[in-house]
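# Examination of the molecular architecture
In case you want the letters, here they are:
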Amino acid sequence: MNRKEMLSHIDHTQLKPTSDWASIARLCDEAAAYGTASVCIPPCYVARVRERYPQLNICTVIGFPLGYSTRAVKVFETEQAIADGANEIDMVVDLCDVKNGDFAAVTEEIRAIKQAAGSHVLKVIVETCYLTEAEKVALCKCVTDAGADYIKTSTGFGTGGATLEDIALFKANVGPNVRIKAAGGVRTAEAVEAYLEAGCDRIGTSSAVKALAD
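Summarised in this report is the structure supplied together with it. (Residues numbered from 1 in each chain as written. Predicted model: local features only at pLDDT ≥ 70, side-chain atom pairs only at ≥ 80, totals over all residues. Heavy atoms only, no water.)

### Some remarks on the overall build of the protein chain
Put simply, the test is: In this text, helices come from DSSP runs of H or I with a minimum length of four residues, and strands from runs of E with a minimum of two, each type numbered from the N-terminal end. Our radius of gyration is a C-alpha quantity, and the globule rule it is checked against amounts to 2.2 Å times the number of residues to the power 0.38. Three exposure classes are used, based on accessible area relative to the maximum for each residue type with a 1.4 Å probe and protein chains only: buried under 20%, partly exposed in between, and exposed over 50%. Any two residues whose heavy atoms approach within 4.5 Å at even a single point are treated as in contact.
Looking only at helices and strands, one finds ten helices and eight strands in the protein chain. For a compact globule of 214 residues, the expected C-alpha radius of gyration is about 17 Å, and the protein chain comes in at 16 Å, within 12% of that figure. Projected onto its principal axes, the C-alpha positions of the protein chain cover 45 × 35 × 30 Å. Burial status across the protein chain gives 52% buried among its 214 residues. Long-range contacts, defined as pairs at least 24 residues apart, comprise 69% of the intrachain contacts of the protein chain with a sequence gap of at least 6.

Below you can see the structure in the form of structure tokens.
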């Protein structure tokens, strides 16, 4: 796989809580120049980026990074993000529901957010670093049953990020219509290639453009 092909699978990401407009504009300029799949940015910048970069595929985050805001709040965040011009939504599951074993509630929340997102892409961040293997498998079913488009490993703000073992587990347990996004710690061209070859369709990283453009 050549570097241009790899870049087409990258969600070029800047989600630091101190992200200023200069860093967001630089991210967008790089995405436009190198043909990344999207830019993944804080919700507060979506409208401004849509106005300045109408050609870009904009991804933003919902319930980020902890996931335990209420379902109604996440639905509203989703509706607002789409109204502002987002094309893709990366939501964080409610890990409190996961740890209580209430996977029906997890599924219903994902389904409600997918309904709010409509035809827009929904990726579900499950934050694998906090999960048992059984919980990971259960969440694959939740994401599949709720009709989401992707399962995503991590926020990048937890205690760990993506692993190839988790990608293999997801691949074995999600439905045929669910794609996989790896995020958290994918920083080199070799890592990007390894995750794509393992079955990921998207990679979320702030480092790939530098790594792949060199």
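### Quick word on the packing of aromatic side chains
Here the distance between the centres and the angle between the planes together describe a pair of aromatic rings. Selection rule: Two rings from Phe, Tyr or Trp (for Trp, the six-membered ring) form a pair when their centres are within 6.5 Å of each other. A pair whose planes differ by under 30 degrees is stacked, one over 60 is edge-to-face, and the rest are tilted.
Counting across every chain of the model gives two aromatic pairs. Between Trp 21 and Tyr 45, the ring centres sit 5.9 Å apart and the planes meet at 35°, which makes this aromatic pair tilted. Residue Trp 21 is found in helix H2 (residues 21-34), and its partner Tyr 45 is found in the loop between strand E2 (38-41) and helix H3 (46-52); the two are separated by 24 residues along the sequence. Looking at Trp 21, the relative accessible area reads 16%, which means it is buried.

### Notes on the pairing of strand E3 (residues 58-62)
What counts, and what does not: Strand pairing is assigned whenever DSSP identifies at least 2 bridges connecting the two strands. For the handedness criterion, the strands are oriented away from the viewer, and a crossover whose path from the first strand over the helix to the second runs clockwise is classed as right-handed.
By the criterion of burial, E3 is predominantly enclosed, with five of the five residues buried. Because side chains alternate across E3, one face comprises the buried residues Ile 58, Thr 60 and Ile 62, and the other comprises Cys 59 and Val 61, equally buried. Of the pairings in the sheet, the one linking E2 to E3 comprises three bridges and is parallel in character. Counted as the bridge partner of Cys 40 is Cys 59 from E3. Viewed along the sheet, the connection from E2 through H3 into E3 turns out right-handed. Bridging between E3 and strand E4 (residues 88-92) involves four bridges; their strand directions are parallel. Within E4, the residue paired with Thr 60 across the bridge is Ile 89.

### Concerning the layout of surface pockets
Quick note on the threshold: A cavity, in this analysis, means grid points on a 1 Å lattice covering only the protein atoms where a 1.4 Å probe fits yet has no way out; a pocket is instead an open set bounded by protein on both sides within 12 Å along at least five of seven lines, and a residue lines either one if it has an atom within 4 Å of a point. Grid points are joined across faces, edges and corners, and a volume is the space filled by probe spheres set on the points. All amino acids are sorted into three groups, where Ala, Val, Leu, Ile, Met, Phe, Trp, Tyr, Cys and Pro are nonpolar, Asp, Glu, Lys and Arg are charged, and the leftover types, Gly among them, are polar.
Within this model, the largest pocket holds a volume of roughly 580 Å³. Per-element tally for the lining of the largest pocket: the top contributor is H2, with four residues. Looking at side-chain class alone, the lining of the largest pocket contains seven nonpolar, 15 polar and seven charged residues. When its volume is computed, the second largest pocket comes out at roughly 160 Å³. Lining the second largest pocket we find Leu 15, Lys 16, Pro 17, Pro 42, Pro 43, Val 61, Phe 64, Pro 65 and Phe 157. Its residues placed into classes, the lining of the second largest pocket shows eight nonpolar, no polar and one charged.

### Quick look at the pattern of salt bridges
Filter applied, for reference: The rule for a salt bridge is simple: a side-chain nitrogen of Lys or Arg has to be within 4 Å of a carboxyl oxygen of Asp or Glu.
Going through the model one piece at a time under the given rule, you end up with 14 salt bridges. Salt-bridge contacts for Lys 99 lead to Glu 135; the nearest nitrogen and oxygen are separated by 2.8 Å. Here Glu 135 lies in helix H7 (residues 133-146) and Lys 99 lies in helix H5 (residues 95-99), a separation of 36 residues in the sequence. The buried category is assigned to Glu 135, whose relative accessible area is 12%.

### Re helix H6 (residues 103-117)
Here is the rule we go by: For a helix, the expected span equals 1.5 Å multiplied by the residue count minus one.
For H6, built from 15 residues, the straight-helix expectation of 21 Å at 1.5 Å per residue is met to within 8% by its first-to-last C-alpha distance of 21 Å. Of the residues making up H6, those classed as buried are Ala 105, Val 106, Thr 107, Glu 109, Ile 110, Ile 113, Lys 114 and Ala 117. Here the buried face of H6 lies against helix H4 (71-84), E4, H5, strand E5 (121-125) and H7. A positive backbone phi angle near 60° is found at Gly 118, which sits one or two residues after H6.

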